Amino acid sequence: MRCPSASLPTSLTVLPLALIRCGAVFFGCAFLPLHAGVQVGSVASLAQTPPFDGGWEKCQPLVEGAVFAGTVVGSDGRIYVIAGSTGESGELTSRNSAYDPVRNSWIELAPIPTPRSEPGAALGPGGKIYIVVGNPTRNRQQSSKMNLVEAYDPKTDQWTKCKSLPTPRTALCAVTMTNKSGYTLIYAIGGRNFDMPGNGLSTIEAYDPLVDTWTGRSSMPINLHAMAATVRPDGKIYVLGGTNSKRDDNKDVQVYDPETDRWTPGTPMPYGQECACSTFTSGQSGEIMVLGGWGDPQKISLASVAAYNPRTDVWRWLPQLITATAGPGAATIESANGVIHLYV
């Protein structure tokens, strides 16, 4: 069977989602060495079709597998997988690959000038993709000094350097937020700097792509790295799970309002994790999705999928991933016929 395309008509009689999982090819934010529970490389990736079907299908795998990569949906509807590590040895890659969900195919694009793993990735104005800091060496010795930000323009297939992030770090989240006035900022949230105590940072810095500047914002209530983060259509940023020197299977949810620059606690997740991924579905009934991750100090990968509705303040379980995974990236793409596909 072929991987369903974003235009595939799908019945929504059971759940308002068509879940598509593209296996280990979209690893995005994990920070620990590979272990037996993580599938990596150019293996046959898996995709779950509509939940009522219960079946799985294969999507076209990457030419070269990558973990701890930056992943983001471009304004052209393609899913970009940039940089990362290529295996147990921790070799860094500069690959920049784009997946077309309609054609179920990959193309190779201009490589990132500075290979790295564990970066943040975000979509900015004009369709540019921003890769924010990360770990530039196999042994992490330089990650505490890494503040490099690079932007990729799919229209020209070229990279440019941007203003450096004031606080060097790795294993962070990068989230794009456009306010009610249409102004876009990219938020660098949390992460880890090995020269700083606490095994995690509460630091938040916002990047303005139009003037190429960073400004500090109100810190998170707790230090975190290896968490998941996403934006809801209500204009708030949700930070989910994560870890620090005191917590591993963290269920906490932190909610940030860019308009007021304030943090509030959210309703805890039904399961604790670090190195999960998160995305959201659009519309008034849209939900926040959390998928996979590590659930305890033993770093056992999870197949859990949970969804949160901010309007009802309720979490619910969705069908589990067929293969437990940690450190994935996630993306939602809505087709012309209104079907929502969730890629992991």
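Residues numbered from 1 in each chain as written. Predicted model: local features only at pLDDT ≥ 70, side-chain atom pairs only at ≥ 80, totals over all residues. Heavy atoms only, no water.

Let us look at the pattern of salt bridges. Between side chains of opposite charge, a pair can form as their charged atoms come close. Counting across every chain of the model gives eight salt bridges. Asp100 serves as the salt-bridge partner of Arg103, at 2.8 Å between the closest nitrogen and oxygen. Asp100 sits in the buried class, given a relative accessible area of 14%. Notably, a salt bridge pairs Arg169 with Glu205, separated by 2.5 Å at the nearest N-O pair. Pair noted here: Arg169 is in the loop between β11 (158-161) and β12 (173-178) and Glu205 is in strand β14 (residues 204-208), with a separation of 36 residues, a long-range link. With respect to burial, Arg169 and Glu205 carry one shared label: buried. A cluster of three or more residues bridged by salt bridges with shared partners is formed by Glu64, Arg95 and Glu108. (Salt bridge = Lys/Arg side-chain N within 4 Å of Asp/Glu carboxyl O. Buried < 20%, exposed > 50% of the residue type's maximum accessible area, 1.4 Å probe, protein only. Helix = DSSP H or I, 4+ residues; strand = E, 2+ residues; numbered from the N terminus.)

Relative to the helices and strands, Leu165 is located in the loop between β11 and β12. Exposure remark for Leu165: the relative accessible area of 0% places this residue in the buried category. C-alpha separation for the pair Leu165 and Val132, spaced 33 residues apart in sequence, amounts to 7.6 Å. When residues no more than four places from it in sequence are discounted, the contact partners of Leu165 are Val132, Val133, Asn147, Val149, Ala188, Glu205 and Trp214. (Contact = heavy atoms within 4.5 Å.)

Two strands pair when backbone bridges link them, and strand β22 (residues 305-309) and strand β23 (residues 314-317) are joined in this way by four bridges, in the antiparallel orientation. Bridge pairing in β23 places Ala306 opposite Trp317. As consecutive antiparallel partners, β22 and β23 are separated by four residues, and within that stretch Asp313 has a phi angle of approximately 60°, a positive value. (Pairing = 2+ DSSP bridges.)

A few words now on the packing of aromatic side chains. Scanning all chains against the criterion turns up ten aromatic pairs. Ring geometry for Tyr99 against Trp106: centres 5.1 Å apart, planes inclined by 50°, an arrangement best described as tilted. Using a relative accessible area of 1% as the deciding quantity, one classes Tyr99 as buried. Given a relative accessible area of 13%, Trp106 falls into the buried group. (Phe/Tyr/Trp six-rings, centres within 6.5 Å; stacked < 30°, edge-to-face > 60°.)

Glancing now at the environment of Lys236. Within the fold, Lys236 resides in the loop between β16 (228-231) and β17 (237-240). With relative accessibility at 33%, the residue Lys236 sits in the partly exposed group. When the C-alpha atoms of Lys236 and Tyr256 are compared, they prove to be 5.7 Å apart, with 20 residues separating the residues in sequence. For Lys236, the residues in contact, after removing those within four places along its chain, are Thr230, Val231, Val255, Tyr256, Asp257 and Pro258.

This next bit is on the nonpolar core. Tyr187, Ile189, Met220, Met227, Ile237 and Val239 are the most contacted members of the largest nonpolar core, which totals 17 residues. Breaking this core down by element, the ones donating at least two residues are β12, β13 (184-189), β14, β16 and β17. Formed by 16 residues, the second largest nonpolar core is a distinct cluster that contains Ala122, Met146, Val149 and Ala188. (Core = buried A, V, L, I, M, F, W, Y, C linked by side-chain atoms within 4.5 Å.)

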